[in-house]
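Each chain, written out:
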Amino acid sequence: MRVTKRQLHGFKSFADPTDMRFETGVTAIVGPNGCGKSNVSDAVRWVLGEQRARLLRGAKMEEVIFQGSSARRSVNIAEVSLHFENDDGKLPIPFKEVVITRRLSRSGESEYFLNRAPCRLRDIHDLVRGTGLGADSGVVIESRMIDAPLSDRPDDRRELFEEAAGVGLVWVVGSHEI
């Protein structure tokens, strides 16, 4: 099983339909600051079910939809599809190619598709369970993830360890932690 193609449309800086094909081996996305490298990795996390806008570098989920620019109007839908080669049957579905798609509209309607058939987020999670894929997997490593443990800011390091441990927000009331 491997990712063979990624399609983005209306997702963050990708206003137009954009296809990215992946050959066998390691893929690295490189380019100057501001060209959309982080948006490519955000798209993978998002299509696999990421629900925390903060981890997609936003305040609310609607911010993944292309917001417009001085030269382009905003769009109303963001859509990302990941294509997997499934010749080895690692994904428990009887298809040689598996396509996972997520779509979000400005109205807030969110949809998931498996090989173009509507499905639930739970169906996506069940499909990729045990494969090393998922919104929280280490398959996509962003530069900020590498920088975090090297940071000299204690808050950055603490946040990294909390995320790795699966610990949520810690509330402090008086001098007692909850």
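S.K.: Break down the overall build of the protein for me, with residues and values.
M.R.: Summing up its helical and strand segments, the protein has 4 helices and 8 strands in all. Along the chain direction, N to C, the helices and strands of the protein fall in the order β-β-α-β-β-β-β-α-α-α-β-β. Per-residue burial over the protein gives 36% buried out of 178 residues. Pairs at least 24 residues apart make up 52% of the contacts formed inside the protein by residues separated by at least 6 positions. Here the protein has roughly 11200 Å² of accessible surface; of this, 53% comes from carbon and sulfur atoms.

S.K.: Could you give me a rundown of the packing of aromatic side chains, with the residues and numbers involved?
M.R.: A complete count under the given rule lists 1 aromatic pair for this structure. Seen in terms of ring centroids, F11 and W46 are 5.3 Å apart; in terms of plane orientation they differ by 45 degrees. Their pairing is tilted. Of this pair, F11 sits in the loop between β1 (2-9) and β2 (18-21) while W46 is found in helix α1 (residues 37-47), placing the two residues 35 residues apart along the sequence. Residue F11 shares its accessibility class with W46, and that shared class is buried.

S.K.: Could you give an account of the sheet that holds β2, with specific residues and numbers?
M.R.: Taken in spatial order, the 6 strands line up as β2-β1-β3-β4-β5-β6 in an open sheet, and their pairing is antiparallel. Whereas interior strands pair on both sides, the edge strands pair on one side only; in this sheet they are β2 and β6 (117-119). Direction aside, neighbouring strands of the sheet carry axes that sit 20 degrees apart on average. Pairing geometry for strand β3 (residues 77-85) and strand β4 (residues 97-105), over 9 bridges, is antiparallel. Across the sheet, residue A78 finds its bridge partner in β4, namely L104. Where α1 meets the sheet, it contacts β1, β2, β3, β4 and β5 (110-114), and its direction lies at approximately 80 degrees from that of β3.

S.K.: Outline the nonpolar core, listing residues and values.
M.R.: If you look at the biggest cluster of nonpolar residues, it comprises 34 residues, and the most contacted ones within it are F11, W46, V64, V98 and I100. Of all the secondary structure elements, the ones that give two or more residues to this core are α1, β3, β4, β5 and α2 (121-128). With 5 residues, the top contributor of residues to this core is α1. Contact partners of V98, with chain neighbours within four places excluded, come to L82, H83, F84, N86, L91, I93, L114, N115 and L127.

S.K.: Go over the confidence of the model for the protein, please, and point to the residues and values.
M.R.: Summary statistics for the protein give a mean pLDDT of 83 and a share of 78% for residues scoring 70 or more. Contacts of residues 168-178 to residues separated by more than four positions or lying in other chains number 9 contacts, the stretch itself having pLDDT below 50.

S.K.: Can you break down the environment of I100 residue by residue, with the values?
M.R.: When you line up the elements, I100 lands in strand β4. Residues I100 and V47 lie 53 residues apart in sequence; the distance between their C-alpha atoms is 7.2 Å. Beyond its immediate stretch of four places on either side in the chain, I100 contacts V47, L48, V80, S81, L82, F84, F113, L114, I124, L127 and V128.

Analysis parameters
Residues numbered from 1 in each chain as written. Predicted model: local features only at pLDDT ≥ 70, side-chain atom pairs only at ≥ 80, totals over all residues. Heavy atoms only, no water. Helix = DSSP H or I, 4+ residues; strand = E, 2+ residues; numbered from the N terminus. Buried < 20%, exposed > 50% of the residue type's maximum accessible area, 1.4 Å probe, protein only. Contact = heavy atoms within 4.5 Å. Areas by Shrake-Rupley, 256 points an atom, 1.4 Å probe, with all protein chains shown as cover. Phe/Tyr/Trp six-rings, centres within 6.5 Å; stacked < 30°, edge-to-face > 60°. Pairing = 2+ DSSP bridges. Axes fitted to C-alpha atoms, helices over the stretch in contact; angles between N-to-C directions. Core = buried A, V, L, I, M, F, W, Y, C linked by side-chain atoms within 4.5 Å. pLDDT = per-residue confidence, 0-100.

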